[in-house]
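# Results of the structural survey
So you can see what is in the structure, the chains are spelled out below.
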Amino acid sequence: MDAGANTYLIRPNYKDKFKAGVAKECIREILREQLYGVQYNPDEVPTLSRSLADSIKNKLKDVGFDRYKLIVQVVVGEQRGEGVKMGARCFWDADTDSCAQDIYMNDSLFCVAAAFGVYYY
């Protein structure tokens, strides 16, 4: 890039956009790697959810979503056969911002992870 070039972008190039499919695969990979064989323990859930969120955010940063603010939310709960409904609301630009989520379940626990990519103007 030219040293004197203007780096202000009002919209990302198509190749630089937050791709929900790529983000979902990153989330799925992290959840499967780190939760395989894990049993639910309420004392370890805060540490586990923070570790998962940090791992997901670091993997998404490595993918190269430049100029995106990455927000990751992870919820871990005990699998008891009960239903759970979750929702999220955000104020964003539908042309540039997006989100991805994935779910992991085993006999002991469930985990819902969501990643939001919000473009820095």
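Residues numbered from 1 in each chain as written. Predicted model: local features only at pLDDT ≥ 70, side-chain atom pairs only at ≥ 80, totals over all residues. Heavy atoms only, no water.

## Looking at the overall build of the protein chain
Along its length, the protein chain carries two helices and three strands. In the protein chain, the order of α-helices and β-strands from amino to carboxyl end is α-α-β-β-β. Counting only C-alpha atoms, the protein chain reaches 60 × 25 × 20 Å along its principal axes. Across the 121 residues in the protein chain, those meeting the buried criterion constitute 35%. Taking contacts inside the protein chain between residues at least 6 apart in sequence as the whole, the part at least 24 apart equals 76%. A total accessible area of about 8,200 Å² is found for the protein chain, and carbon and sulfur atoms account for 50% of it. (Helix = DSSP H or I, 4+ residues; strand = E, 2+ residues; numbered from the N terminus. Buried < 20%, exposed > 50% of the residue type's maximum accessible area, 1.4 Å probe, protein only. Contact = heavy atoms within 4.5 Å. Areas by Shrake-Rupley, 256 points an atom, 1.4 Å probe, with all protein chains shown as cover.)

## What to know about the packing of helix α1 (residues 20-35) against helix α2 (residues 45-63)
In the contact formed by α1 and α2, the axes pass within 10 Å of each other and the chain directions differ by 140°. Classified by the angle between their axes, α1 and α2 sit oblique to one another. Relative to α2, the crossing made by α1 is right-handed. Between α1 and α2, the contacting residues are V22, A23, C26, I27, E29, I30, L31, Q34 and L35 on the first element and L48, S51, L52, S55, I56, K59, L60 and V63 on the second. Looking at the contact of α1 with α2, its residues break down into twelve nonpolar, three polar and two charged. (Axes fitted to C-alpha atoms, helices over the stretch in contact; angles between N-to-C directions. Parallel < 35°, antiparallel > 145°, perpendicular 65-115°, else oblique. Left-handed = near helix turned anticlockwise from the far one by under 90°. Nonpolar A, V, L, I, M, F, W, Y, C, P; charged D, E, K, R; others polar.)

## Observations concerning the sheet that holds strand β1 (residues 68-78)
Reading across from one edge, β1-β3-β2 is the order of the three strands in this open sheet, with antiparallel pairing throughout. Here the strands that pair on one side only, and so sit at the sheet edges, are β1 and β2 (98-105). Looking at each pair of strands side by side, their axes are set apart by 10° on average, direction ignored. As judged from the eleven bridges shared by β1 and strand β3 (residues 109-119), these two strands associate in the antiparallel manner. Looking at the pairing, V75 lines up with V112 of β3. The strands that α1 touches are β2 and β3; relative to β2, the one it contacts most, it runs at about 25°. (Pairing = 2+ DSSP bridges.)

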